[in-house]
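Structural overview for review
Below are the chains, spelled out letter by letter.
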Protein chains: 2
Amino acid sequence: MQATAEAIIHALTEGGYRITRPRRAVIEVLCATPELLDPIELLDRAKAHYPRVGLATVYRTLDVLEQNGLARRISLNGKTRVVACGNLSLHYHLICVRCGVVVEMHDADTGRALERSAFEHGFALEHSPVEIRGVCAKCR
Amino acid sequence: MQATAEAIIHALTEGGYRITRPRRAVIEVLCATPELLDPIELLDRAKAHYPRVGLATVYRTLDVLEQNGLARRISLNGKTRVVACGNLSLHYHLICVRCGVVVEMHDADTGRALERSAFEHGFALEHSPVEIRGVCAKCR
DNA sequence: ATACGTGCAAAATGTTTGCATAGCC
DNA sequence: GGCTATGCAAACATTTTGCACGTAT
């Protein structure tokens, strides 16, 4: 289940945020992109939707999204990248360390098992995707 | 199984790297610290072992460690932090999003299950810890 | 109408690099 | 001795902020 722009926009509206053109542009790009983007790439693509966006707004939008569990900042090979999170329930992000593709994976069984193991170590999981690094089929 | 300084130093020696005092200082701090450190904190603590270390060396040492799977850079709340990885086999890092504590967890069963699920999505896992975010016992 | 969001440019951070020197092996 | 690694400071990159203006609700 990939993130959809409508779902994210709906969640923001619920949260009392305004849906502005620049925000919409950023969200649409995030949802249309299966791989990790860095903030500058994100800006470039967002400009195709709304040319006046500035980098500061990209950062500010990412803050809002991240605080609401709607996106995630990931550091890959030392650089900051971003993905949208489609789902607030426990799920996994398979991240290709070569090309940056991110695949959302759901696996309820291991999810429960992991949750239990983590709990035995005193941890209550966040509703934040579990990051798994690997190499995707295409990159091998 | 936590990372030990000797193990890391041994691995570096094998890899043809020189064991210098600044590197040793950085490694000892990393292994002595159960929570995520940012590079500046790491530098400060390393200075207690070897006062002449500079920040650039901390970064360079982290690069070497990370390239060899001996440490891991993690972005927590937007800031870069670092942990040592004690083990090259598949394992988990339980990361407390409040205090930054990292607990290494091993769970061979879910490990295998995850590996299989990932493989079904075309992914071959890296020997890189799986990141799981949550809140530790103390912070609740 | 009235906040909230924005763009711009400047400031604050964070990271990398060049180069002469130090110190492992 | 030779070559890797270091420290320092400068270059570079990234992220945040202040402020006057625009615009969603």
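Below is a short write-up of the structure. (Residues numbered from 1 in each chain as written. Chains lettered and ligands numbered in written order. Predicted model: local features only at pLDDT ≥ 70, side-chain atom pairs only at ≥ 80, totals over all residues. Heavy atoms only, no water.)

Residue and element names in this part refer to chain A. For glutamate 14, the location among the structural elements is in helix 1 (residues 5-14). On the accessibility criterion, glutamate 14 (62% relative accessible area) is exposed. For the pair glutamate 14 and valine 135, spaced 121 residues apart in sequence, the C-alpha separation works out to 37 Å. (Helix = DSSP H or I, 4+ residues; strand = E, 2+ residues; numbered from the N terminus. Buried < 20%, exposed > 50% of the residue type's maximum accessible area, 1.4 Å probe, protein only.)

Below, the discussion takes up the protein's contact with DNA strand D. The full set close to DNA strand D counts 20 residues, and Tyr59 of chain A together with Thr20, Arg52, Thr57 and Arg60 of chain B are the nearest of them. Among the atoms of DNA strand D close to the protein, meaning within 4 Å, 67% are from sugar or phosphate groups. At 3.1 Å from a phosphate oxygen of DNA strand D is found a side-chain nitrogen or oxygen belonging to arginine 23 of chain B. The separation between a phosphate oxygen of DNA strand D and a polar main-chain atom of valine 53 of chain B is 3.3 Å. Sorting the residues of the surface near DNA strand D by element identifies helix 4 (55-67) of chain A together with helix 2 (21-32) and helix 4 (55-67) of chain B as the ones contributing at least two each. (Near = heavy atom within 4 Å. Polar contact = N/O pair within 3.5 Å; in protein donor to acceptor, adjacent residues only side chain to side chain.)

Residue and element names in this part refer to chain B. Across the 5 residues that make up strand 3 (residues 92-96), a large majority, 5, are buried. Pairing of strand 3 with strand 4 (residues 102-105), which is carried by 4 bridges, proceeds in the antiparallel orientation. Opposite leucine 94, over in strand 4, you have valine 103 as the bridge partner. Hairpin connection between strand 3 and strand 4: a loop of 5 residues separates the two successive antiparallel strands, and glycine 100 in this loop has a positive phi of roughly 85°. (Pairing = 2+ DSSP bridges.)

Close to DNA strand C lie 20 residues, the nearest being Thr20, Thr57 and Arg60 of chain A together with Arg18 and Tyr59 of chain B. Among the atoms of DNA strand C lying within 4 Å of the protein, the sugar-phosphate backbone contributes 63%. Here a base nitrogen of DNA strand C and a side-chain polar atom of arginine 60 of chain A are 2.8 Å apart. In the environment of DNA strand C, a phosphate oxygen lies 2.2 Å from a nitrogen or oxygen atom belonging to the side chain of tyrosine 59 of chain B. Taken together, the elements giving at least two residues each to the surface near DNA strand C come down to helix 2 (21-32) and helix 4 of chain A together with helix 4 of chain B.

Superposition of chain B onto chain A requires a rotation of 180° combined with a translation of 0.0 Å along the rotation axis, giving an RMSD of 0.0 Å. These values place the two chain copies in the arrangement generated by a two-fold rotation axis. Within chain B, the C-alpha atom positioned nearest to the axis of rotation is that of glutamate 131 of chain B, 2.5 Å from it. (Least-squares fit on C-alpha atoms with pLDDT ≥ 70 in both.)

With that settled, consider the environment of leucine 114 of chain B. One can find leucine 114 of chain B in helix 5 (residues 108-120). Sequence separation between leucine 114 of chain B and arginine 23 of chain B is 91 residues, and the spatial gap between their C-alpha atoms is 35 Å.

Moving on, we get to unusual backbone geometry. Residue and element names in this part refer to chain A. In the Ramachandran plot, asparagine 77 falls in the positive-phi region, its phi being about 50° despite a non-glycine side chain. Counting through the fold element by element, asparagine 77 comes out in the loop between strand 1 (71-76) and strand 2 (79-84). Asparagine 77 sits in the exposed class, given a relative accessible area of 58%.

Residue-level contacts link 32 residues of chain B with 32 residues of chain A. Here chain B and chain A share an interface that buries about 2,900 Å² over both sides, 68% of which is from carbon and sulfur atoms. When the buried area of chain B at its contact with chain A is split by residue, Leu114, Phe123 and Arg133 of chain B rank highest and sum to 21% of it. Applying the counting criterion to the chain B and chain A interface returns 2 salt bridges. A salt bridge links arginine 133 of chain A to glutamate 131 of chain B; its shortest N-O distance comes to 3.6 Å. If you look at where chain B meets chain A, you find 11 residue pairs in polar contact (both at pLDDT 80 or more). Breaking the side of chain B that touches chain A down by element, the ones donating at least two residues are strand 1 (71-76), strand 3, strand 4, helix 5, strand 5 (124-125) and strand 6 (130-135) of chain B. At 6 residues, the largest contribution of residues to the side of chain B that touches chain A is made by strand 6 of chain B. A breakdown of the residues in the side of chain B that touches chain A according to their chemical character gives 19 nonpolar, 7 polar and 6 charged. (Contact = heavy atoms within 4.5 Å. Buried area = accessible area lost by both parts, 1.4 Å probe. Salt bridge = Lys/Arg side-chain N within 4 Å of Asp/Glu carboxyl O. Nonpolar A, V, L, I, M, F, W, Y, C, P; charged D, E, K, R; others polar.)

What follows covers the nonpolar core. By size, the foremost hydrophobic cluster in this structure holds 38 residues, and its most contacted members are Leu36, Tyr92 and Ile132 of chain A together with Leu36, Tyr92 and Ile132 of chain B. Those residues in contact with tyrosine 92 of chain A that sit more than four places away from it in its chain are Val103, Glu104, Met105, Asp107, Thr110, Gly111, Leu114, Val130 and Ile132 of chain A together with Leu114 of chain B. (Core = buried A, V, L, I, M, F, W, Y, C linked by side-chain atoms within 4.5 Å.)

With that out of the way, let us pick up the pattern of salt bridges. All names here are of chain A. Evaluation of the coordinates by the stated rule reveals 14 salt bridges over all chains. A salt bridge links aspartate 63 to arginine 73; its shortest N-O distance comes to 2.7 Å. Separated by 10 residues along the polypeptide, aspartate 63 in helix 4 and arginine 73 in strand 1 bring together distant segments of the chain. Residue aspartate 63 is classed as partly exposed on the basis of its relative accessible area of 33%. Take arginine 73: its relative accessible area is 16%, and that puts it in the buried class.

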